[in-house]
Amino acid sequence: MVKYFSNSIDIRSRWEHVVSAFWQRYPNPYSTHVLTEDVVYREVTADHRLLSRRLLMKTNRLPRWAEHFFRSGMSRSVFIVEDSVVDPVNRTLTTYTWNLNHTTLMSVEERCIFEDSTEEPATTQLRREAWISSSVYGFSRPIQEFGLARFKSNQVKAMKGLEYALSNLQVHAGETHQRLLRGLGEGRLREGQEPGYCGLRPTEAPAVCLRGRRRLNWTADVTSLSLVGLNWRIMGPGFSAPSLRRKYNIFIKSVFFFSRDICNVSETLL
């Protein structure tokens, strides 16, 4: 017998903000049981979906009765595989996670789907499902009950951690936005600055603010990469110059959500 859990949560943030925060949610004060995270595989498909596989190591304090199921010297850490698919066209993020070790004691499989809410604007709906099983003869039911209770507790912490990452993104993006607007408001080129930039030093100017040059092509790989907020050096057809690549990498995390607004302001002021 398998224990099943499901719930649905509305996150009061836009989908692209939630996806960006998803990649940056560790470390956070609510998920101290997550020890490490490593990217094992990553690919952008022909239909512009981002496929990723990550390996996480977690630990949780065990109740005293559970200690009897661990042999002396056996690791208390659990290795978790997380597969994810980001679809920027349909605006969905789907994740699948399961544990690699201690599967005889307990196996936990989880699926999460983040997608745009069809009922409320600027809201992301999270649908979460989990399946918990145990193969310990005679103790499978109490172990599954314990696993279900622990999973419910951890998913509350996971939501708090995601909200923490969202708030950090908003603070950092707001500070960068204000700094860029102050630079744009000067309305003059600084000494030694290359013409065509929006009142900023060349190292500060985001690619979207270049004047007299080709702007970013918001298509294909550019869209799929920028939406997930990753600092990648994989570029789409809209990137040709090495300097443009460097500028995009510097600002992809902080000014993506404000880039179109900044371009509009720059055209007005300059």
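Here, every reference points to the structure presented above.
Structural notes, computed from the coordinates. Not measured: the values here are computed from a predicted model.

1. Considerations on the overall build of the protein
Moving on, step 1. Secondary structure assignment for the protein yields five helices and seven strands.
Moving on, step 2. Reading the secondary structure of the protein in the N-to-C direction produces β-α-β-β-β-β-β-β-α-α-α-α.
Moving on, step 3. The proportion of buried residues among the 270 residues of the protein is 44%.
Moving on, step 4. Across the protein, the fraction of contacts at a sequence separation of at least 24, relative to all contacts at a separation of at least 6, is 59%.
Moving on, step 5. A total accessible area of about 14600 Å² is found for the protein, and carbon and sulfur atoms account for 52% of it.

2. Remarks on the environment of threonine 97
Moving on, step 1. Mapping threonine 97 onto the fold places it in strand β5 (residues 92-99).
Moving on, step 2. As a C-alpha pair, threonine 97 and isoleucine 80 span 17 residues in sequence and 6.6 Å in three-dimensional space.
Moving on, step 3. When residues no more than four places from it in sequence are discounted, the contact partners of threonine 97 are Ile80, Val81, Glu82, Val108, Glu109 and Glu110.

3. Topic: the sheet that holds strand β2 (residues 34-44)
Moving on, step 1. The strand order across the open sheet built from seven strands is β1-β7-β6-β5-β4-β3-β2, with neighbouring strands paired in antiparallel fashion. Lying at the two open borders of the sheet, with one neighbouring strand each, are β1 (3-11) and β2. Averaged over all neighbouring strand pairs, the angle between strand axes comes to 15°, with direction disregarded.
Moving on, step 2. In the sheet, β5 pairs with strand β6 (residues 107-116) via seven bridges, with the strands oriented antiparallel.

4. Let's talk about unusual backbone geometry
Moving on, step 1. Backbone torsion omega between tyrosine 26 and proline 27 reads -5°, so that peptide bond is classified as cis.
Moving on, step 2. The topology assignment puts proline 27 in the loop between α1 (15-23) and β2.
Moving on, step 3. The backbone phi angle of arginine 91 is positive, close to 55°, even though this residue is not glycine.
Moving on, step 4. When you line up the elements, arginine 91 lands in the loop between β4 (78-87) and β5.
Moving on, step 5. Given the relative accessible area of 22%, arginine 91 is considered partly exposed.
Moving on, step 6. Positive phi, normally seen in glycine, also occurs at alanine 122, with a value near 55°.
Moving on, step 7. Looking at where alanine 122 falls in the secondary structure, it is placed in the loop between β6 and β7 (124-133).
Moving on, step 8. Among the residues examined, alanine 122 registers a relative accessible area of 46% and is labelled partly exposed.

5. Overview of the packing of aromatic side chains
The description of an aromatic ring pair uses the distance of the two centres, along with the angle that the planes make with each other.
Moving on, step 1. A complete count under the given rule lists five aromatic pairs for this structure.
Moving on, step 2. Measuring from centroid to centroid gives 5.5 Å for phenylalanine 5 and phenylalanine 151, while their planes differ by 70°, and the two rings are edge-to-face. Separated by 146 residues along the polypeptide, phenylalanine 5 in strand β1 and phenylalanine 151 in helix α2 (residues 140-185) bring together distant segments of the chain.
Moving on, step 3. By relative accessible area, which is 11% here, phenylalanine 5 ends up buried.

6. A closer look at the side chain of histidine 33
Moving on, step 1. Mapped onto the elements of the fold, histidine 33 is located in the loop between α1 and β2.
Moving on, step 2. Its relative accessible area of 12% is what places histidine 33 among the buried residues.
Moving on, step 3. Leaving out residues up to four positions away in the same chain, histidine 33 has contacts with Met57, Lys58, Thr59, Asn60 and Asn154.

7. Observations regarding α1
Moving on, step 1. With eight of nine residues buried, α1 lies mostly within the body of the structure.
Moving on, step 2. Residues Trp15, Glu16, Val18, Val19, Ser20, Ala21, Phe22 and Trp23 constitute the buried set of α1.

8. Digging into empty space enclosed by the protein
Empty space among the atoms becomes apparent when a probe as large as a water molecule is rolled across them.
Moving on, step 1. Tallying each qualifying case throughout the model produces four cavities of 30 Å³ or more.
Moving on, step 2. Here the largest cavity is characterised by a volume of approximately 970 Å³.
Moving on, step 3. Lys58, Asn60, Ile80, Phe151 and Asn154 are the residues nearest the centre of the largest cavity, which is lined by 43 residues in total.
Moving on, step 4. Those elements that provide at least two residues to the lining of the largest cavity are β3 (50-58), β4, β5, β6, β7 and α2.
Moving on, step 5. Ranked by the residues each element gives to the lining of the largest cavity, the list is headed by α2, at 11 residues.
Moving on, step 6. Residues belonging to the lining of the largest cavity are distributed by class as follows: 23 nonpolar, 12 polar and eight charged.

What counts, and at which threshold
Residues numbered from 1 in each chain as written. Predicted model: local features only at pLDDT ≥ 70, side-chain atom pairs only at ≥ 80, totals over all residues. Heavy atoms only, no water. Helix = DSSP H or I, 4+ residues; strand = E, 2+ residues; numbered from the N terminus. Buried < 20%, exposed > 50% of the residue type's maximum accessible area, 1.4 Å probe, protein only. Contact = heavy atoms within 4.5 Å. Areas by Shrake-Rupley, 256 points an atom, 1.4 Å probe, with all protein chains shown as cover. Pairing = 2+ DSSP bridges. Axes fitted to C-alpha atoms, helices over the stretch in contact; angles between N-to-C directions. Phe/Tyr/Trp six-rings, centres within 6.5 Å; stacked < 30°, edge-to-face > 60°. 1 Å grid on protein atoms, 1.4 Å probe; cavity = no way out; pocket = protein on both sides within 12 Å on 5 of 7 lines; lining within 4 Å. Points joined across faces, edges and corners; volume = space filled by probe spheres on them. Nonpolar A, V, L, I, M, F, W, Y, C, P; charged D, E, K, R; others polar.

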